[in-house]
Amino acid sequence: MTERITDRLAPHPESHSKFWQNAHLYFDRVYQSMNLDPTWRSVLSTPKRVLTVSCPIRMDDGRIQVFTGYRAQHSNARGPFKGGIRYDTAVNMDEVMALAMLQTWKNALVDLPYGGAKGGVVCDPRKLSMGEKERLTRRYTSEIMPIIGPMEDIPAPDAGTDGQIMSWVLDTYSMMIGHQALGVVTGKPVTLGGSLGREEATGRGVMYVLRKFLSTQNKKLSDVRIAVQGFGNVGFHAARLLAERGATIVAISERASGLFDEGGIDIDAAGRFYRENGTLNGLEGDSISNEELLACECDVLIPAAMENTVTAAVAPHIKARIVCEGANGPTTPEADEMLRENGVTLLPDILSNAGGVTVSYFEWVQGLENFFWDIKRVNSELQIIMERAFDQVNAKADEADCDYRTAAYTIAISRVAEALRLKGLFP
Ligand code: GLU
């Protein structure tokens with residue numbers, strides 16, 4: 001009976017996007033090697049719920065425009081759903097479903113008491129005025145209101161969203177329930193119950209994981225030249241924190257431009273320039289495209305832009321011996337295999353970019369208790385969690401003689417599968 005139900009629920013890969021298929025390929029590859037009960041496969045790989053909403057917004061010019069939004073809740077086996085909301089023109093249902101699944105593995109790997117979710121609105125946030133963005137965020141929040149909440153599903157920032165947007169999520173939700181509910185969203189500004197250190201947390205986590213990996217090779221950050229693709233919240237802070245610890249950042253890039261300097265780029269100056277001008281174009285140094293950055297002369301490559309940037313077409317040209325994934329899903333399975341065959345070490349997204357959601361967890365705990373930590377405590381607890389996760393992945397990779405992604409997935413999937421097994425089926 002169970003067999004038949006799971007067969008019927010089994011996802012049909014052909015009908016989904018490449019990114020969704022890739023996320024499932026990574027899952028299936030590991031699941032098959034794990035000796036787990038096959039009947040749980042569909043439960044583990046199928047989102048529990050996906051909500052599509054339509055958000056009509058009055059634009060500044062008086063027109064009404066309808067934006068489509070999604071919230072995919074993949075699993076709550078280990079706790080409330082948790083994951084970001086992205087604003088991007090490329091958002092679609094498959095993408096949020098795949099990202100929600102990745103979030104489940106990530107949250108389980110760093111052992112947070114959460115399941116995984118992801119949301120998104122199809123829009124170009126750079127083309128919206130503040131007023132339009134606010135109306136869109138409030139409408140989207142009220143549309144997904146029935147399925148979010150401090151104990152149900154806790155959104156956070158992702159690509160194209162920030163603390164201001166999270167403030168509107170908080171206010172809309174709080175207005176509708178009649179009191180302030182700090183725990184409904186994370187990534188809030190510190191003055192509104194956010195956590196110190198949340199903004200830089202993903203980049204800080206990247207730094208902790210890379211530093212810990214290098215120490216297993218008897219190397220230090222000051223021994224490596226690093227190229228960082230993407231200069232948003234993750235790329236900028238990762239580059240800045242790595243440079244502060246002696247690493248040489250030889251290349252950075254954003255959507256439209258990039259910079260290469262083998263002597264090392266001044267990240268603080270580049271950050272100021274980028275904030276003022278919205279581009280890196282015009283900064284002194286050799287300009288470089290995003291593709292050139294991936295193949296540049298360096299020891300460590302940090303793809304911290306969007307998914308699917310490290311493809312089979314670029315993999316053979318990558319000179320870095322270490323790829324540390326700052327974005328979610330930047331490496332396609334084909335590229336992953338090619339890089340491994342070429343002896344490149346891949347530090348997978350679900351490990352290396354888990355710092356953001358980890359400090360989101362701290363923020364949620366602080367908000368529920370109305371007791372706020374100092375920055376020293378935030379950073380030291382983050383370091384403990386990231387380094388412990390790295391050690392566990394490293395030990396699993398040694399024990400199973402496998403790569404880090406396989407090791408990380410094995411740990412994460414077994415934690416979620418164990419929670420499912422213990423809870424059993426309802427009713
Ligand atoms: N969007 C971030 C991620 O991909 C953070 C999610 C969160 O803080 O809930 O991990």
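On a predicted model such as this, the values are computed, not experimentally measured, just so you know. (Residues numbered from 1 in each chain as written. Predicted model: local features only at pLDDT ≥ 70, side-chain atom pairs only at ≥ 80, totals over all residues. Heavy atoms only, no water.)

1. Comments concerning the packing of aromatic side chains
Each aromatic ring pair is summarised here by two numbers: the centre-to-centre distance and the angle between the ring planes.
And step 1. Counted under the stated rule, the structure contains 13 aromatic pairs.
And step 2. Centre to centre, the rings of Phe 231 and Phe 236 are 5.5 Å apart; their planes meet at 80°, and the pair counts as edge-to-face. Neither residue differs from the other here; Phe 231 and Phe 236 are each classed as buried.
And step 3. Judged by centre distance (6.1 Å) and plane angle (45°), the rings of Tyr 361 and Phe 362 are tilted.
And step 4. With relative accessibility at 22%, the residue Tyr 361 sits in the partly exposed group. (Phe/Tyr/Trp six-rings, centres within 6.5 Å; stacked < 30°, edge-to-face > 60°. Buried < 20%, exposed > 50% of the residue type's maximum accessible area, 1.4 Å probe, protein only.)

2. Brief notes about the site of the ligand
And step 1. As a matter of local geometry, the ligand sits amid 14 residues, with Lys 82, Lys 106, Pro 157, Asp 158 and Ser 360 nearest to it.
And step 2. Here an oxygen atom of the ligand and a side-chain polar atom of Lys 82 are 2.8 Å apart.
And step 3. Take Arg 198: an N or O atom from its side chain is 3.1 Å from an oxygen atom of the ligand.
And step 4. Relative to its unbound accessible surface of 290 Å², the ligand loses 95% to contact with the protein.
And step 5. Broken down by secondary-structure element, the contributors of at least two residues to the shell around the ligand are helix 4 (93–109) and helix 13 (355–369).
And step 6. Taken together, the residues of the shell around the ligand break down into three nonpolar, six polar and five charged. (Near = heavy atom within 4 Å. Polar contact = N/O pair within 3.5 Å; in protein donor to acceptor, adjacent residues only side chain to side chain. Areas by Shrake-Rupley, 256 points an atom, 1.4 Å probe, with all protein chains shown as cover. Helix = DSSP H or I, 4+ residues; strand = E, 2+ residues; numbered from the N terminus. Nonpolar A, V, L, I, M, F, W, Y, C, P; charged D, E, K, R; others polar.)

3. Examining the nonpolar core
And step 1. One finds Leu 44, Trp 105, Leu 210, Ile 226, Leu 242, Ile 252 and Ile 302 to be the most contacted residues of the largest nonpolar core, which totals 88 residues.
And step 2. For this core, the element with the highest residue contribution is helix 15 (residues 404–423), accounting for 11 residues.
And step 3. With near-sequence residues (within four places) excluded, Leu 242 lies in contact with Met 207, Leu 210, Leu 221, Ile 226, Ala 247, Ile 249 and Ile 302.
And step 4. Ranked by size, the runner-up nonpolar core spans 25 residues in total, among them Phe 67, Tyr 87, Ile 148 and Trp 168. (Core = buried A, V, L, I, M, F, W, Y, C linked by side-chain atoms within 4.5 Å. Contact = heavy atoms within 4.5 Å.)

4. What to know about unusual backbone geometry
And step 1. Here the bond from Phe 426 into Pro 427 is cis, since omega is 0°, no more than 30 degrees from zero.
And step 2. With respect to the secondary-structure elements, Pro 427 resides in the segment after helix 15.
And step 3. With phi around 60°, Asn 35 is a residue other than glycine that occupies positive phi space.
And step 4. You can see Asn 35 is positioned in the loop between helix 2 (18–32) and helix 3 (41–45).

5. Observations regarding the environment of Ile 144
And step 1. Note that Ile 144 resides in helix 5 (residues 130–144).
And step 2. In this structure the C-alpha to C-alpha distance between Ile 144 and Thr 52, which are 92 residues apart in sequence, comes to 8.7 Å.
And step 3. Sequence-distant contacts of Ile 144, defined by excluding residues within four places in its chain, comprise Leu 51, Val 53 and Arg 71.

6. Structural notes on the confidence of the model for the protein chain
And step 1. Put simply, the protein chain has an average pLDDT of 95, and 97% of its residues get 70 or more.
And step 2. Predicted confidence is poor over residues 1–10, with pLDDT under 50, and the contacts of this stretch with residues over four places away or in other chains come to eight contacts. (pLDDT = per-residue confidence, 0-100.)

7. As for the pattern of salt bridges
And step 1. Per the counting criterion, the structure on display carries 32 salt bridges.
And step 2. Two residues, Arg 41 and Asp 28, come together in a salt bridge whose shortest N-O distance is 2.9 Å. Here Arg 41, found in helix 3, pairs with Asp 28, found in helix 2; they are 13 residues apart in sequence, far enough to count as distant.
And step 3. A salt bridge links Asp 61 to Arg 63, with the shortest nitrogen-to-oxygen separation between them at 2.9 Å.
And step 4. The class of Asp 61 is exposed, set by a relative accessible area of 53%.
And step 5. The network of salt bridges with common partners includes Arg 29, Glu 325, Asp 336, Arg 340, Asp 349, Asp 403 and Arg 405. (Salt bridge = Lys/Arg side-chain N within 4 Å of Asp/Glu carboxyl O.)

8. Considering the packing of helix 8 (residues 233–244) against helix 9 (residues 267–277)
And step 1. With their axes 9 Å apart at the nearest point, helix 8 and helix 9 run at an angle of 160° to one another. Judged by the angle between their axes, helix 8 and helix 9 are roughly antiparallel. Like other packed secondary-structure pairs, helix 8 and helix 9 cross with a definite hand, here left-handed. On the side of helix 8, the interface is formed by Phe 236, Ala 239, Arg 240 and Ala 243, while helix 9 contributes Ile 267, Asp 268, Gly 271 and Arg 275.
And step 2. Residue composition of the contact of helix 8 with helix 9, grouped by class: four nonpolar, one polar and three charged. (Axes fitted to C-alpha atoms, helices over the stretch in contact; angles between N-to-C directions. Parallel < 35°, antiparallel > 145°, perpendicular 65-115°, else oblique. Left-handed = near helix turned anticlockwise from the far one by under 90°.)

9. Things to note about helix 2
And step 1. The terminal C-alpha atoms of helix 2, which comprises 15 residues, lie 20 Å apart, in line with the 21 Å expected from a rise of 1.5 Å per residue.
And step 2. Listing the buried residues of helix 2 in full gives Phe 19, Trp 20, Asn 22, Ala 23, His 24, Tyr 26, Phe 27, Asp 28, Val 30 and Tyr 31.
And step 3. Against the buried residues of helix 2 lie helix 3, helix 4, helix 11 (333–341) and helix 15. (Expected span 1.5 Å × (residues − 1).)

10. Some details on a negative patch on the surface
And step 1. Together, Asp 261, Glu 262, Asp 286 and Glu 297 give the surface a local cluster of negative charge.
And step 2. Note that Asp 286 resides in strand 10 (residues 286–287).
And step 3. Using a relative accessible area of 52% as the deciding quantity, one classes Asp 286 as exposed. (Patch = residues over 30% accessible without salt bridge, like charges linked within 9 Å, V, L, I, M, F, W, Y side chains within 5 Å. Lys, Arg positive; Asp, Glu negative; His and termini not counted. Charge placed at Lys NZ, Arg CZ, Asp CG, Glu CD.)

11. A closer look at the sheet that holds strand 2 (residues 64–75)
And step 1. Across the sheet, which stays open at both edges, the four strands sit in the order 1-2-5-4 with mixed pairing between neighbours. Each end of this open sheet is capped by a strand with a single partner; those strands are strand 1 (49–58) and strand 4 (85–88). Averaged over all pairs of adjacent strands, the angle between their axes in this sheet comes to 20°, without regard to strand direction.
And step 2. With 10 bridges connecting them, strand 1 and strand 2 associate as antiparallel partners. Residue Pro 56 lies in a different strand from strand 2, and its bridge partner there is Val 66.
And step 3. Those strands touched by helix 4 are strand 1, strand 2, strand 4 and strand 5 (116–122), and its axis lies near 150° from that of strand 5.
And step 4. In the packing of helix 5 onto the sheet, the strands contacted are strand 1, strand 2, strand 4 and strand 5, and the crossing angle to strand 1 comes to about 145°. (Pairing = 2+ DSSP bridges.)

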